[in-house]
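The residues making up each chain are set out below.
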Amino acid sequence: LRLTILPYQKYQRIKGFGGAMTDAAAINILSLSAGAQEQLLRQYFSKDGKDYRLFKETNFIYSVVRVPMASCDFSTRLYTYADTPGDYDLKNFTLAQEDMNMKIPLLLRAQALSPYPLSLLGSAWSAPAWMKTNGALTGKGSLKGQPGGKEHKTWAQYYIRTHDKLQVSDFICDNIQHPRGFKMLKVTLVSLCGRSFQALGFTPEEQRDWVAVDLGPALQSSSHPHTHILILDDSRLLLPHWAKVVLSDVHAARYIHGVAVHFYMDDLVPAETSLGATHQLYPEYYLFGTEACAGWGPLDRGVKLGSWDRAEKYAHDIIEDLNHYVVGWTDWNLALDPTGGPNWVKNFVDSPVIVDAKRDVFYKQPSFYGMAHFRLSHVCFTCSL
């Protein structure tokens, strides 16, 4: 490994690193005793975490937390925030008990440990079933109607209403008024389709038109006009084509801030022809890694305690992404159980922290320490592997 540091040469400014507070992550953290919960949260969010003796000079902490907007596969049930059929005015919109009793309290505890405001990255896996062409949260379904129609406009308002609920909740305080609070700073437009778990199909053309006609204007006229919209939220295999379709349209591009990419199938497409090409075409839009996990493939499934191979894959992917203009990297579940769940569809994977509730302990995996080497910093580097 040859590492060359050129302090005078500047590249992208790093926005942060983080992980996801899924229902599964919250369930696992809360399955521990109060003392163990506190220690686990400190590992991710406090200056005395990440094994302070090893990393005391870096003060590494997570500054980004991805939060599913309602359920995903790492939930124990299927739900959205607006499951009443025909509720186009969202009169019955409400956050779930998973938010109020688990995720939000844990996020507040994490923020209390952190010296920096946490940035929330909101992602919705599926629209309510009654708004979709297949009438289900799973499978090959997209939004009914056309951009500008009532389903598309209601889906846009769903994002804004989620933001509103977080802002006015008794649990949440705006970080502009209170430096130790947090708010949703980014929303990603998940483009999954045909999955066995919650999904909402979008083509790049459909995503472009929905942003241009519905989401963009609605967000701009809301009380959250500075919230960033990130398109794609899927594999870089789809770049630069997806970005070309969406960002070449001035009506959509005016509302968009960046492109969200996943870790999966990165081996199938070179970073230079996907991430690099997208940056060269649209340098004013940032690239942000929004999901990654080990143990997702059919031949290497689930938790593998003590795997340094998986830690090295994480590190390699992060370095490759940073060398191709990515400004942040977000892991998937903050914590899972020894089976790699809970996951209602049994889509079990690995996590940097594994919780054994029966023994009231948690294990910090090699990938946990691999992530700890990447700190929120403005030092830019090139690396020859």
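The present account deals with the structure reproduced in this document.

Cut-offs used in this document
- Residues numbered from 1 in each chain as written.
- Predicted model: local features only at pLDDT ≥ 70, side-chain atom pairs only at ≥ 80, totals over all residues.
- Heavy atoms only, no water.
- Helix = DSSP H or I, 4+ residues; strand = E, 2+ residues; numbered from the N terminus.
- Buried < 20%, exposed > 50% of the residue type's maximum accessible area, 1.4 Å probe, protein only.
- Contact = heavy atoms within 4.5 Å.
- Areas by Shrake-Rupley, 256 points an atom, 1.4 Å probe, with all protein chains shown as cover.
- Salt bridge = Lys/Arg side-chain N within 4 Å of Asp/Glu carboxyl O.
- Axes fitted to C-alpha atoms, helices over the stretch in contact; angles between N-to-C directions.
- Parallel < 35°, antiparallel > 145°, perpendicular 65-115°, else oblique.
- Phe/Tyr/Trp six-rings, centres within 6.5 Å; stacked < 30°, edge-to-face > 60°.
- 1 Å grid on protein atoms, 1.4 Å probe; cavity = no way out; pocket = protein on both sides within 12 Å on 5 of 7 lines; lining within 4 Å.
- Points joined across faces, edges and corners; volume = space filled by probe spheres on them.
- Nonpolar A, V, L, I, M, F, W, Y, C, P; charged D, E, K, R; others polar.
- Arc of directions from axis to C-beta.
- Polar contact = N/O pair within 3.5 Å; in protein donor to acceptor, adjacent residues only side chain to side chain.
- Pairing = 2+ DSSP bridges.

Here we come to the overall build of the protein chain. On a plain count of helices and strands, the protein chain comes out with eleven helices and 14 strands. Here the protein chain, with 385 residues, has 58% of them falling under the buried criterion. Restricting the contact set of the protein chain to residue pairs at least 6 apart, pairs at least 24 apart contribute 76%. Accessible area for the protein chain stands at about 16,100 Å²; split by element, carbon and sulfur atoms hold 54% of it.

On to the pattern of salt bridges, then. Side-chain pairing between opposite charges can occur once the charged atoms of the two side chains come close. Applying the stated criterion across every chain yields a total of 17 salt bridges. Asp 300 serves as the salt-bridge partner of Lys 304, at 2.8 Å between the closest nitrogen and oxygen. Taking relative accessible area as the criterion, Lys 304 reaches 40% and is therefore assigned partly exposed. When its relative accessible area of 33% is taken as the criterion, Asp 300 is described as partly exposed. A salt bridge links Asp 350 to Arg 310; its shortest N-O distance comes to 2.6 Å. Residue Asp 350 is found in the loop between strand 11 (326-333) and strand 12 (353-356), and its partner Arg 310 is found in helix 10 (residues 308-322); the two are separated by 40 residues along the sequence. Summarising the burial analysis for this pair, Asp 350 and Arg 310 share the class buried. Connected through shared salt-bridge partners, Arg 236, Asp 266, Glu 320 and Asp 321 make up one network.

Now for the packing of helix 1 (residues 23-30) against helix 4 (residues 97-113). Where helix 1 contacts helix 4, the two axes come as close as 10 Å, and the packing angle between them is 75 degrees. Judged by the angle between their axes, helix 1 and helix 4 are roughly perpendicular. Across the interface between the two elements, Asp 23, Ala 26, Ile 27, Ile 29 and Leu 30 of helix 1 pack against Glu 98, Asn 101, Met 102, Lys 103, Leu 106 and Arg 109 of helix 4.

With that settled, the discussion passes to the packing of aromatic side chains. Evaluated as defined, the whole model comprises 23 aromatic pairs. Note on Tyr 81 and Tyr 158: the rings are 5.9 Å apart at their centroids and 15 degrees apart in plane angle, and the pair reads as stacked. Residue Tyr 81 is found in the loop between strand 3 (64-68) and helix 4, and its partner Tyr 158 is found in helix 5 (residues 150-168); the two are separated by 77 residues along the sequence. With respect to class, Tyr 81 is no different from Tyr 158; both count as buried. An angle of 70 degrees between the planes, with centres 5.2 Å apart, marks the rings of Tyr 264 and Trp 296 as edge-to-face. Residue Tyr 264 is found in the loop between strand 9 (258-262) and helix 9 (271-281), and its partner Trp 296 is found in the loop between strand 10 (286-291) and helix 10; the two are separated by 32 residues along the sequence. The class of Tyr 264 is buried, set by a relative accessible area of 13%. The class of Trp 296 is partly exposed, set by a relative accessible area of 33%.

Once that is clear, we can look at empty space enclosed by the protein. Within this structure, the stated rule accounts for three cavities of 30 Å³ or more. If you add up the space inside the largest cavity, you get close to 90 Å³. Lining the largest cavity are 13 residues, and of these Val 67, Pro 68, Tyr 81, Asp 99 and Leu 166 lie nearest its centre. Counting residues per element, the ones that place at least two in the lining of the largest cavity are strand 3, helix 4 and helix 5. With four residues, helix 4 is the single largest residue contributor to the lining of the largest cavity. Here the lining of the largest cavity is built from residues that sort into ten nonpolar, one polar and two charged.

Let us look at the layout of surface pockets. In this structure, the second largest pocket encloses a volume near 460 Å³. Taken together, 23 residues form the lining of the second largest pocket, with Arg 195, Phe 197, Tyr 264, Glu 291 and Trp 296 sitting closest to its centre. Broken down by secondary-structure element, the contributors of at least two residues to the lining of the second largest pocket are strand 7 (195-198) and strand 8 (228-235). In terms of residue class, the lining of the second largest pocket is made up of 14 nonpolar, three polar and six charged.

This part takes up helix 9. Among the residues making up helix 9, those that are buried are Ala 271, Ser 274, Leu 275, Gly 276, Thr 278 and His 279. The buried side chains of helix 9 occupy one side of the element, clustering within an arc of 165 degrees when seen end-on. Each element contacted by the buried residues of helix 9 is listed here: helix 7 (241-247), strand 9, strand 10, helix 10 and strand 11.

Turning our attention to the side chain of Thr 22. With respect to the helices and strands, the residue Thr 22 is situated in the loop between strand 2 (16-20) and helix 1. Here the side chain of Thr 22 touches Ala 25 through a polar contact of 3.0 Å, landing on its backbone nitrogen. Those residues in contact with Thr 22 that lie beyond four places of it in its chain are Pro 68, Phe 74, Lys 103, Trp 332 and Asn 333.

Before going further, it helps to spend a moment on the pairing of strand 4 (residues 119-123). Regular strands show a simple pattern: their side chains alternate between the two faces of the sheet. Burial of strand 4 is extensive: five of the five residues sit out of reach of the surface. Of the two faces of strand 4, the one holding Ser 119, Leu 121 and Ser 123 and the one holding Leu 120 and Gly 122 are both buried throughout. Sheet topology places strand 3 next to strand 4; five bridges connect them, and they run parallel. Each residue of the ladder has a partner; that of Arg 66, found in strand 4, is Leu 121.

One turn of the α-helix equals 3.6 residues, which is why residues spaced by three or four share an orientation. Buried residues dominate helix 1, accounting for six of its eight residues. All of the buried residues along helix 1 are Asp 23, Ala 24, Ala 25, Ala 26, Asn 28 and Ile 29. Contacts made by the buried residues of helix 1 are with strand 2, helix 2 (34-45), helix 4, strand 11 and strand 12.

The subject of this paragraph is the side chain of Gln 37. With respect to the helices and strands, Gln 37 occurs in helix 2. Owing to a relative accessible area of 9%, Gln 37 belongs among the buried residues under this scheme. Reaching out from Gln 37, the side chain makes a polar contact with the side chain of Arg 109 at a distance of 2.8 Å. Look past the residues within four positions of Gln 37 in its chain and what remains in contact with it is Ile 29, Leu 30, Leu 32 and Arg 109.

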